[in-house]
Amino acid sequence: MTQSIDVHTLSGAYALDALSEHERAGFARHLAGCEVCAAEVSEFAEAVAHLGIATSVVPPARLKQSVLAEVGRTRQLGPVRPARRAVDNTTRWRRWTAAAAAAAVIAVGGAATVGVIQQRRIDQAQSALEQAQRQAGIAAVLNAPDVRTFSAPAQGGGSMTVAISPSLDDAVIFVYDLVAPPSGEAIQAWTLRGGAASDAGVLAPGARTGSKLVHGVAGVDAYALTVERAGGAAAPTGDPIAVVATA
Amino acid sequence: VSARPDGGPEGDLRPPGSDVDELLCRVGRGDEAAFSALYDVMAPRVYGLAHQVVRDAAQAEEVAQEALVEVWRTAARFDPAKGSATSWVLTIAHRRSVDRVRSAQAGADRERRVAAASTETPYDDVVESVTASLEQQQVRRCLQGLTELQREAITLAYYAGLSYREVAERLDTALPTIKTRMRDGLIRLRDCLGIESVVTRP
């Protein structure tokens, strides 16, 4: 098999869904960096949609009920990040941290309720932990006398909980029941210091629940999750799906 | 021959008064009533396309359901600046349909399917009658403006769900030729349908 020299000519086959999965993935990567190709593909998509419309047939009436019933129990995904390019996110991260901090202040007002919810989240996090491989470091944080926990709901569902022990200078990030990342992508955790993001670990591709132990958390003012390419990115490439402010 | 014989706004899948884009944006914000309205507009298109590709009513219903639920699930990712809602939804429906016909098909089954794939367009037999919609008439006219190889390559891929390798096999033509004909054909089709670039052209 020789690799085609002119990958651009695959745009037609791509728009017609006539590539193998492997070729499709390769061309999609090419598209991300080729604006001309992306424009051509979206014009082709409009053209082939006309071919599709021309086949319209009224479906059986039962289909609507059955689709609406499934929609009623199907969670929606959040908007996707437009480009896989690490950019200088400092300003944006600062803004998110500030927003999350404001939310945390509000949460303190309803302390009793928050306490119950947090306890439930900790229980959930602990049971998730027990299912996973038990790690001594995580247990140490959870059992530390000065452990503090912070939680935030994640976009689309699920939650993020951070347990911090200042005396150990360690934190554990638990993510629980998130919306599954798309195929080939994974949830990545970040620590934020004054708007600068550092990698805090990547979950397995497709994983929705998991935990990450983070060492050296002094000065961290927030924790965040983003969806990244499987294996993780050097810097966040898009908006976070959850932010927990801890400062 | 003019690449765009009559141009005009007919290629726009967003005619004035059409609110499919707006509906899909609302669906992206979790609006179930908007989804119900979107269903009414799009379900015949999604089901019709699935039926055309999978060639089986029961399977077409399953595929249409999968596709429409995926529309709900991923609607927040629709960006009206990058294309019409109709094309976005039909892209999902087509991919699901193609996945269905290509999965669980190996060896002899696949060969039979490739050999049996028709190069006729689904409206060849209705187009002269009054039942042919304007859409069908326009698409048929534009397909007629393609070379035979362009038209066959496009219809075998889109309506029969063949991969370009299968199309090459079916038409006994070299792979690079098929690739190029698909692209040339879509360029001609795009121009005939009067589709404007979704990005600003210089």
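Just above sits the structure.
Residues numbered from 1 in each chain as written. Chains lettered and ligands numbered in written order. Predicted model: local features only at pLDDT ≥ 70, side-chain atom pairs only at ≥ 80, totals over all residues. Heavy atoms only, no water.

Overview of the packing of helix α3 (residues 35–53) of chain A against helix α6 (residues 134–144) of chain B
Piece 1. Where α3(A) meets α6(B), the axes come as close as 9 Å, and the angle between the chain directions of the two elements is 125 degrees. When the axes of α3(A) and α6(B) are compared, the pair comes out oblique. When the axes of α3(A) and α6(B) are compared, the crossing they make is left-handed. Each of A:H50, A:L51 and A:I53 in α3(A) lies in contact with α6(B), whose residues at this interface are B:E135, B:Q138, B:V139 and B:L143.
Piece 2. Class assignment of the residues belonging to the contact of α3(A) with α6(B) gives a composition of four nonpolar, two polar and one charged. (Axes fitted to C-alpha atoms, helices over the stretch in contact; angles between N-to-C directions. Helix = DSSP H or I, 4+ residues; strand = E, 2+ residues; numbered from the N terminus. Parallel < 35°, antiparallel > 145°, perpendicular 65-115°, else oblique. Left-handed = near helix turned anticlockwise from the far one by under 90°. Contact = heavy atoms within 4.5 Å. Nonpolar A, V, L, I, M, F, W, Y, C, P; charged D, E, K, R; others polar.)

Some words on the pattern of salt bridges
Piece 1. Within the structure shown, the criterion is met by 16 salt bridges over all chains.
Piece 2. Across the salt bridge formed by B:D40 and A:K64, the nearest N and O atoms sit 2.7 Å from each other. Separated into two different chains, B:D40 in helix α2 (residues 32–54) and A:K64 in helix α4 (residues 62–72) make up a pair that spans both.
Piece 3. The partly exposed category is assigned to B:D40, whose relative accessible area is 47%.
Piece 4. Residue B:R96 pairs with B:E66 through a salt bridge whose shortest N-O separation is 3.3 Å. In this pair, B:R96 is assigned in helix α4 (residues 85–102) and B:E66 in helix α3 (residues 57–74), connecting sequence segments 30 residues apart. (Salt bridge = Lys/Arg side-chain N within 4 Å of Asp/Glu carboxyl O. Buried < 20%, exposed > 50% of the residue type's maximum accessible area, 1.4 Å probe, protein only.)

Digging into the pairing of strand β1 (residues 148–153) of chain A
Residues and elements named next belong to chain A.
Piece 1. The sheet contact formed by β1 and strand β2 (residues 159–165) spans six bridges and is antiparallel. Opposite P153, over in β2, you have S159 as the bridge partner.
Piece 2. What sits between the antiparallel neighbours β1 and β2 is a turn of five residues, in which G156 has the positive phi angle 90 degrees. (Pairing = 2+ DSSP bridges.)

Digging into the nonpolar core
Piece 1. If you look at the biggest cluster of nonpolar residues, it comprises 80 residues, and the most contacted ones within it are A:L16, A:L51, B:L24, B:V167 and B:M182.
Piece 2. Discounting residues that sit within four places of it in the chain, B:L24 has contacts with B:L38, B:V71, B:A75, B:F78, B:A85, B:W88 and B:V89.
Piece 3. Among the nonpolar cores identified, the runner-up in size contains 24 residues, and A:A154, A:A171, A:A242 and A:V244 belong to it. (Core = buried A, V, L, I, M, F, W, Y, C linked by side-chain atoms within 4.5 Å.)

With respect to the sheet that holds strand β8 (residues 242–245) of chain A
Backbone hydrogen bonds are what pair the strands of a sheet, in a parallel or an antiparallel way.
Residue and element names in this part refer to chain A.
Piece 1. Reading across from one edge, β5-β4-β7-β8 is the order of the four strands in this open sheet, with antiparallel pairing throughout. Edge positions in the sheet fall to β5 (196–202) and β8, since each has one partner strand and no second. Adjacent strand axes in the sheet meet at a mean angle of 30 degrees when their direction is disregarded.
Piece 2. Across four bridges, the pairing between strand β7 (residues 222–229) and β8 is antiparallel. Considered in β8, the bridge of Y223 is made with V244.

Considering the side chain of A:E40
Piece 1. You can see A:E40 is positioned in helix α3.
Piece 2. Among the residues examined, A:E40 registers a relative accessible area of 13% and is labelled buried.
Piece 3. In terms of polar contacts, A:E40 uses its side chain to reach the side chain of B:R183, at 2.7 Å.
Piece 4. In contact with A:E40, not counting residues within four places along its chain, are A:H8, A:S11, B:R183 and B:I187. (Polar contact = N/O pair within 3.5 Å; in protein donor to acceptor, adjacent residues only side chain to side chain.)

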